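# Topology and contacts: notes
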Amino acid sequence: MKIHINNLKDTEKIGKIISNILEEGTVICLDGDLGAGKTTLTQFIAKEFGVNGYITSPTFTIIKEYNGRLPLYHMDVYRIGSEVEMYDLGYDEYIYSNGVTIIEWSINIKNMLPENRINIEIQRIDEKSRMFNITGKGTTYERLTEELINYESTCN
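Quick caveat: nothing in here was measured; it's all calculated off a predicted structure.

### Brief notes about the overall build of the chain
Broken down by element type, the chain carries 5 helices and 7 strands. Along the chain, helices (α) and strands (β) appear in the sequence β-α-β-α-β-β-α-α-β-β-β-α when read from the amino end. For a compact globule of 156 residues, the expected C-alpha radius of gyration is about 15 Å, and the chain comes in at 15 Å, within 12% of that figure. Buried residues in the chain amount to 49% of all 156 residues. Intrachain contacts of the chain at a sequence separation of at least 6 include 61% that bridge at least 24 residues. For the chain, the exposed surface amounts to about 8,200 Å²; the carbon and sulfur share of it is 46%. The distance from the centre of the 16 positive side-chain charges to the centre of the 23 negative ones in the chain is 7 Å.

### Brief notes about unusual backbone geometry
Phi is positive for I62, which is not a glycine, with a value near 75°. Here I62 shows up in the loop between α2 (38-49) and β3 (63-67). The phi torsion at W105 lies on the positive side, around 65°, for a residue other than glycine.

### Section: the nonpolar core
In this structure, I14, I18, I28, I120, F132 and I134 are the most contacted members of the largest nonpolar core, which totals 29 residues. Mapped by element, the contributors of at least two residues to this core are β1 (2-5), α1 (8-21), β2 (27-31), α2, β5 (100-104), β6 (117-124), β7 (130-137) and α5 (139-155). Sequence-distant contacts of I120, that is, excluding residues within four places in its chain, are made with I18, I28, C29, L30, D31, L41, F132, N133 and I134. Counting residues in hydrophobic clusters, the runner-up holds 17 residues, among them C29, I80, I103 and M112.

### Examining the sheet that holds β2
With respect to topology, 7 strands assemble into an open sheet ordered β1-β7-β6-β2-β5-β4-β3, the strand pairing being mixed. Edge positions in the open sheet fall to β1 and β3, since each of these has one partner strand only. Each strand axis lies, on average, 20° off the axis of its neighbour in the sheet, ignoring direction. As judged from the 4 bridges shared by β2 and β6, these two strands associate in the parallel manner. Pairing of C29 across the sheet is with N119, part of β6. Against the sheet, α5 contacts β1, β6 and β7, and its axis sits at roughly 145° relative to β7.

### Focus: the packing of α1 against α5
The geometry of α1 relative to α5 is characterised by a closest axis approach of 9 Å and an angle of 140° between their N-to-C directions. Taken as axis vectors, α1 and α5 run oblique relative to one another. In terms of crossing hand, the pair formed by α1 and α5 is right-handed. Residues D10, K13, I14, I17, I18, N20 and I21 of α1 lie in contact with α5, whose contacting residues are T140, R143, L144, E147, L148 and Y151.

### Focus: the pairing of β7
Relative to β7, β1 runs antiparallel, the two sharing 4 bridges. Among the inter-strand pairings, K2 is bridged to a residue of β7, identified as N133. Looking at chain direction, β6 and β7 are connected through 8 bridges and run antiparallel. The residue of β7 that forms the bridge with R124 is R130. Connecting β6 to the next strand, β7, in antiparallel fashion are 5 residues.

Conventions adopted
Within every chain, residues take consecutive numbers counted from 1 along the sequence as written. Restriction of local features to residues with pLDDT of at least 70 applies here, the model being predicted, together with a cutoff of 80 or more for giving and counting side-chain atom pairs; totals for whole chains, interfaces and linings are based on all residues. Water and hydrogen atoms play no part in the side-chain values, which are based on all heavy atoms of the structure. Secondary structure follows DSSP: runs of H or I at least 4 residues long count as helices, runs of E at least 2 residues long count as strands, and numbering of each begins at the N terminus. For the radius of gyration, the atoms used are the C-alpha atoms, and the globule rule reads 2.2 Å times the number of residues raised to 0.38. To sort residues, take the accessible area from a 1.4 Å probe on protein chains only and compare it with the maximum for the residue type: under 20% means buried, over 50% means exposed, and anything in between is partly exposed. Two residues qualify as a contact provided that any one of their heavy atoms is within 4.5 Å of a heavy atom in the partner residue. The accessible surface values rely on the Shrake-Rupley method and a 1.4 Å probe; as for residues, cover is taken only from the protein chains in view. As used throughout, the charge tally considers Lys and Arg to be positive and Asp and Glu to be negative, leaving His and the chain termini uncounted. Charge positions are represented by NZ for Lys, CZ for Arg, CG for Asp and CD for Glu. Among buried residues, those of type Ala, Val, Leu, Ile, Met, Phe, Trp, Tyr and Cys that are joined through side-chain atoms within 4.5 Å constitute a nonpolar core. Paired strands are those between which DSSP finds at least two bridges. The axes are straight lines fitted to the C-alpha atoms, using for helices just the contacting stretch, and the angles between their N-to-C directions are given from 0 to 180°. Between 65 and 115 degrees an angle is taken as roughly perpendicular, under 35 as roughly parallel, over 145 as roughly antiparallel, and anywhere else as oblique. By convention, the crossing between two helices is left-handed when the near helix turns anticlockwise from the far helix through less than a right angle, and right-handed when the turn is clockwise.

If you want it as structure tokens, here you go:
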């Protein structure tokens, strides 16, 4: 499913929709070039999810933990050199937890990702607009697809 994003307000709306369908064990994989909007989308998801405080990219710390409706784990694996590094950081404990995990640059650990997940590739069109290509597998992804179809039908 592809969704055209015209501005930050659209990104915020999509973040809210995503946040509302999240459940225990959900994994969201965000990919796209530097500056595409991965962290911005994460900020909107986290805000709606009940996380207080400002979300920043965990580029150097790799993983940040937040309290929201459920625990929220935000990973940035841009600097990860190998899958072994991820296991050393306790990757399994986050992915298979009772929380929600958002992974920026998930392409770098694609062989480790769970089968059931939501993938969002963000393509930058210009300064304000983006194209979100959303794919995935599992019941949470299916619910998201339904919600996004409903959202798109109200926009047209």
